[in-house]
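Coordinate analysis (summary)
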Amino acid sequence: MALAAEDRAAIADLLSLHGHLFDAGELYRLDELFTDDVVYDVTDFGQPPLKGVTAIREAALALGEANPVAHHVTNVVLAELPDGSGVHALSKGIGVNADGTSGTVTYEDTVVRTGDGWRISHRKVLARRAPLGGS
């Protein structure tokens, strides 16, 4: 079954909300983005996966001034999972730092429908370090 237009819009909004909440420092609202048991995989940055909303919040606070001042999510591609349990969301993230430098990542998300709407249950963050997907 094709993903309904309303679900596509809701998931795109969810992915966009990420940048607004982090940039505004509204980390107390992360439950609007993630399931309670979310796995936030940052192993590509040499860190162990974060498990749960509290761990994500604590990691962001620990970064302090090293956090980007702006997160931009773009190039969203959605595909329903074959077993119908959720949606695979692929997107790009652009982070702008306080000194004007920037970086980009790819987000690979599993998004599931909950009683409170769509939420990210698994996020893998991949650093983009080379052009054309090279290593």
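Structure: above.
Note that the coordinates shown come from a computational prediction; the quantities given were computed from them, not determined experimentally.

1. Describing the packing of aromatic side chains
- For the structure shown, the criterion picks out one aromatic pair.
- Plain terms: the ring middles of Phe34 and Tyr40 are 5.8 Å apart, the flat faces sit at 80° to each other, and that makes the pair edge-to-face.
- A relative accessible area of 1% places Phe34 in the buried class.
- The cationic tip of Arg123 hangs over the ring face of Tyr107; the distance from NZ or CZ to the ring centre is 3.9 Å.
- The residue whose ring lies beneath Arg129 is Phe45, and the NZ or CZ to ring-centre distance is 5.7 Å.

2. Brief notes about the pattern of salt bridges
- Summed over the entire model, instances satisfying the criterion amount to five salt bridges.
- A salt bridge links Glu32 to Arg29; its shortest N-O distance comes to 2.8 Å.
- Its relative accessible area of 24% is what places Arg29 among the partly exposed residues.
- Put simply, Arg129 and Asp44 hold a salt bridge, and the shortest N to O gap is 3.7 Å. Separated by 85 residues along the polypeptide, Arg129 in the segment after β6 (117-127) and Asp44 in the loop between β1 (34-41) and β2 (50-51) bring together distant segments of the chain.
- With a relative accessible area of 59%, Arg129 lands in the exposed category.

Parameters and conventions
Residues numbered from 1 in each chain as written. Predicted model: local features only at pLDDT ≥ 70, side-chain atom pairs only at ≥ 80, totals over all residues. Heavy atoms only, no water. Phe/Tyr/Trp six-rings, centres within 6.5 Å; stacked < 30°, edge-to-face > 60°. Buried < 20%, exposed > 50% of the residue type's maximum accessible area, 1.4 Å probe, protein only. Lys NZ or Arg CZ within 6 Å of the ring centre and 35° of its normal. Salt bridge = Lys/Arg side-chain N within 4 Å of Asp/Glu carboxyl O. Helix = DSSP H or I, 4+ residues; strand = E, 2+ residues; numbered from the N terminus.

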